[in-house]
Amino acid sequence: MASSGPVQKSEEDWRAILSPEQFRILRQKGTEYPGTGEYDKFNGEGVYNCAGCGTPLYKSTTKFNSGCGWPAFFEGLPGAINRTPDPDGRRIEITCAACGGHLGHVFKGEGFPTPTDERHCVNSISLKFNPAS
């Protein structure tokens, strides 16, 4: 189900293909509780795709343990992720560039020893891991 371009579906279509919790997070910008997602402490080799449309978002080599309770990545795949300031200006929301699904937020300047000094704090339920062959 990997996307090759923009994915546009009606709310009814999204509800038909996503679980209620996936819909709440991906389409209604919800957040899963910290430490509860399947990928928080997961370390496999492969690619993390959007759970909504299948678009590749992150390589496993960019995942790191931030201790925040959600999977953390220091960069996404080129062109895969859009950034939008939250209305209050305090955070930057990250979404799948193909389907607009809510992934989480990106934070800069926290001092993690990563090449970008960024932390993409992503809801596990927004992701689907595809192991390397």
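Cut-offs applied
Residues numbered from 1 in each chain as written. Predicted model: local features only at pLDDT ≥ 70, side-chain atom pairs only at ≥ 80, totals over all residues. Heavy atoms only, no water. UniProt positions renumbered as here; feature names shortened; annotations may be inferred. Helix = DSSP H or I, 4+ residues; strand = E, 2+ residues; numbered from the N terminus. Core = buried A, V, L, I, M, F, W, Y, C linked by side-chain atoms within 4.5 Å. Buried < 20%, exposed > 50% of the residue type's maximum accessible area, 1.4 Å probe, protein only.

Taking an unreviewed UniProt entry as the reference, the protein is identified by name as Peptide-methionine (R)-S-oxide reductase belonging to Acorus calamus. Recorded in UniProt under Sequence similarities (unreviewed entry), the annotation for the protein is "Belongs to the MsrB Met sulfoxide reductase family." Recorded under Function (unreviewed entry), the UniProt text for the protein is reproduced unchanged: "Catalyzes the reduction of methionine sulfoxide (MetSO) to methionine in proteins. Plays a protective role against oxidative stress by restoring activity to proteins that have been inactivated by methionine oxidation. MSRB family specifically reduces the MetSO R-enantiomer."

A. Molecular detail of the UniProt feature "domain: MsrB" (unreviewed entry) in the protein. Annotation from UniProt places "domain: MsrB" (unreviewed entry) at residues 11-132. In residues 11-132, helix accounts for 12% and strand for 33%; the two terminal C-alpha atoms are 32 Å from one another.

B. Seen up close, the nonpolar core. One finds L57, Y58 and L127 to be the most contacted residues of the largest nonpolar core, which totals 24 residues. For this core, the secondary structure elements donating two or more residues are α2 (20-27), β1 (46-50), β2 (56-59), β6 (92-96), β7 (102-108) and β9 (127-131).

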